[in-house]
Amino acid sequence: MTSLTPENSKDLFRKALRVRLIEQKIMDLYEEHEMRCPTHFSIGQEAIAVGVCAHLSKEDVVTSAHRSHAHYLSKGGSLKAMLSELYGKETGCASGKGGSMHLIDREAGFLGAVPIVGSTIPIGVGVSFAAHLQGESKLTTIFFGDAATETGVFYESLNFAALHKLPVVMVCENNFYSVMTPLQDRRPENFEIYKIAQPFGVFCAQGDGNNIDDVFQISQRAIEHARSGKGPALIEFKTYRYVEHCGPFPDDHLAYRPENEVNEWKNKDPIELHKNHLLSKEIITEDEFLEWTRIIHDEIEDAVMYAKSSSFPHRHTLEQDLFAA
Amino acid sequence: MARVIKYVEALNEAQDLCMARDPKVFLFGLGVSDPAAIFGSTKNLYQKYGPKRVVDMPVSENAMTGVALGAALAGMRPVMTHIRLEFALLAIDQIVNQAAKWHYMFGGQASVPMVIRLIVGRGWGQGAQHSQSLHSWFAHIPGLKVIMPSTPYDAKGLLISAIEDNNPVLCIEHRWLYNLTGEVPEGIYKIPLTEPHVIQKGTDVTIVASSYSTIEALEAASDLEKEGISCEVIDLRLLNPLNDTKIIESVKKTGNLIAVDMGWRSGGFAAEIVARVVEKAHTALKNPPVRITLPDLPTPTSRALSNYYYPLPHDIANAARSLLGKSPRLSHITPDAFLDIPHLNFTGPF
């Protein structure tokens, strides 16, 4: 198990920064009311997607849930297609039929994400199972949140993946809240999500979801375990979302999260932490950082223009794609 | 004359033939590889194809249906069986929210070539949770194909088409059809999943039915023939998407409609048939359309009650007599009558 090399560290930071800047841009644009679909932002949780996907190639398959922007982008999903989809345009990754909650980019290995909590977990397992039935091995990485581990379908999927020793890595992003309901109202005291794996004999680990290096190392162990045929892995990363469950606005005024808790997590911002780390180790300079920011902003502007100038889907496409030929 | 085999054997042949020619086809379900072999429908297939093609599963219907969906997305062709239709309700999210919608909501980029076989129980006190036929629920879902084979010939031809279809197809099979015999060609043949089938031509009344009720409709038609009443019996075969052309043509010819449906009355599939006929052929109707369905009640277990729960060929025949201005025949159902089995030598399993 290796720590991040300086090169890797820079690369992952840049990727995380890109996700952050994209999400911030979408949040700004959302107020124009032209992106008309429920959107669940990854702000604050970027390190997990970036750290895990660092070990995945284009051929590896990933699936996610409603809060999938960071996963989609980190897996190499097209930014232009994603923005177009949010705008409901024909050039969207789902041709304007899915919106933010149904992102897909099969070429990048992003299988598809849906908003029913837990639903993509067995679907991801099924992809690995298909390979297993044919005597092959296909790694599937499945992202979900803390609440998904409360569903029956999660246990059923974990059991099945363990039974057949499937190469499935289940990544739980524990941000402590299911919409506005805190973990302590849903789980017994001292419950540890990653330990759910233990009775199933499945590799498990827990880490700091706001530390790119920690995510990188733990997910490397989990992915190697799965790839080597030893069976599935369940890894849990603690993190926090800054804004509301669905939508671009902060909702601290609703006071369902203690103020000191929110501030504590904001002081551990994954982007800020990693940037300071790279600066202090002189792996990057402030100028480099500004240059990256400029380049990323250009990419985003270009993609926004593409999305805004794309056409809406034509009327006749309403009835298309109900059935495959 | 083609050889005569049972409905259950026809289902078995369909799966066997498809598995033989396409290594991507696999069977999945609780008990598919056990000695009972889903009432015999998967008999010998485990022995022939092994555990990577005929796969048993934990009692996790929800996740297992999702696994089948994932396997379908990865290019395989799962044929899942829920030995009792009710068990599929544990997986309703994967069937209705996921499988039915993935192709559309992802703009045509994800296709789900999976078949789910669902078996409808009846008789021997099956009761409320082992006897439901929720075809009207499933037929209501855009993106889900729903077939209900009523004969051995149809069972094989429709199931083969379903397996080779690139969409999710629910194949709803009635338990009481399993021992029905009929002519079934050897080898692969397909009945396209396109439209209902005029199983018997006639001129006086159109009877639209499906699955086991088609057999009951044919029995009623046979009795009525002796009284000079000519019935056109249409077997739905494919309930979703429903092509009503032949039904409309038929009602324009006969002027009378009886819609038979083994589901409950309110919001049931017979209502859909009636709605379409009234919309498209109401001037041809000589009488209001008639629905013969289950009452809006769960299924009781005592035969003293279930004897009065299920409509019989007798009821279909009486409906036709009334439409044609003839007197109905009296029924002689007693509480202890053995109407809770399809025929006296059918001893189960149920």
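Residues numbered from 1 in each chain as written. Chains lettered and ligands numbered in written order. Predicted model: local features only at pLDDT ≥ 70, side-chain atom pairs only at ≥ 80, totals over all residues.

Some points on the overall build of chain A
At step 1: Looking only at helices and strands, one finds 10 helices and 8 strands in chain A.
At step 2: The C-alpha atoms of chain A give a radius of gyration of 19 Å, which matches the 20 Å a tight globule of 325 residues would have.
At step 3: In terms of principal-axis extent, the alpha carbons of chain A reach across some 55 × 50 × 40 Å.
At step 4: Taken over 325 residues, chain A has a buried fraction of 48%. (Helix = DSSP H or I, 4+ residues; strand = E, 2+ residues; numbered from the N terminus. Rg over C-alpha atoms; globule rule 2.2 N^0.38 Å. Buried ≥ 20, exposed ≤ 12 C-beta atoms within 10 Å, placed from the backbone.)

Notes on the overall build of chain B
At step 1: Secondary structure assignment for chain B yields 12 helices and 14 strands.
At step 2: For 350 residues, the compact-globule formula gives about 20 Å, and the C-alpha radius of gyration of chain B, at 20 Å, lands near that figure.
At step 3: With respect to the principal axes defined by its C-alpha atoms, chain B has extents near 60 × 45 × 45 Å.
At step 4: Here chain B, with 350 residues, has 56% of them falling under the buried criterion.
At step 5: Considering only residue pairs separated by 6 or more positions, chain B has 79% of its internal contacts joining residues 24 or more positions apart. (Contact = placed C-beta atoms within 7 Å.)

Looking at the domain arrangement of chain B
All names here are of chain B.
At step 1: Along its sequence, chain B is organised into domain 1 (4–183) and domain 2 (197–323).
At step 2: Computed from C-alpha atoms alone, the centre-to-centre distance between domain 1 and domain 2 is 26 Å.
At step 3: Contacts between domain 1 and domain 2 engage 22 residues on the former and 19 residues on the latter.
At step 4: At the level of elements, α6 (135–139), β6 (145–147), α7 (152–164) and β7 (169–174) are the ones that each hand at least two residues to the side of domain 1 that touches domain 2.
At step 5: Grouping the constituent residues of the side of domain 1 that touches domain 2 by class yields 11 nonpolar, 9 polar and 2 charged. (Domains from an automatic or database assignment. Nonpolar A, V, L, I, M, F, W, Y, C, P; charged D, E, K, R; others polar.)

Quick look at the nonpolar core
Residues and elements named next belong to chain B.
At step 1: The biggest cluster of nonpolar side chains holds 190 residues, and the ones touching the most others in it are Ile-207, Ile-258 and Ala-320.
At step 2: For this core, the two domains that each supply at least three residues are domain 1 (4–183) and domain 2 (197–323).
At step 3: The contact partners of Ile-207, leaving out residues within four places of it in the chain, are Ala-217, Ala-221, Cys-231, Val-233, Ile-258, Val-260 and Ile-316. (Core = buried A, V, L, I, M, F, W, Y, C linked by C-beta atoms within 7 Å.)

Description of the pairing of strand β3 (residues 140–145) of chain A
Residue and element names in this part refer to chain A.
At step 1: Counting buried residues in β3 gives 6 out of 6 residues, a clear majority hidden from the surface.
At step 2: Where strand β1 (residues 61–64) lies against β3, 3 bridges are found, and the strand directions are parallel. Within the sheet, the bridge partner assigned to Val-61 lies in β3 and is Thr-140.
At step 3: Relative to strand β4 (residues 168–174), β3 runs parallel, the two sharing 6 bridges. From the neighbouring strand, Ile-142 faces β4, where its bridge partner is Met-170. (Pairing = 2+ DSSP bridges.)

Some remarks on the interface of chain B and chain A
At step 1: Opposite the 34 residues of chain B that make contact, chain A presents 35 residues.
At step 2: For the side of chain B that touches chain A, the secondary structure elements donating two or more residues are α3 (61–73), α4 (92–99) and α5 (102–105) of chain B.
At step 3: Broken down by element, the side of chain B that touches chain A gets its largest block of residues, 9 residues, from α3(B).

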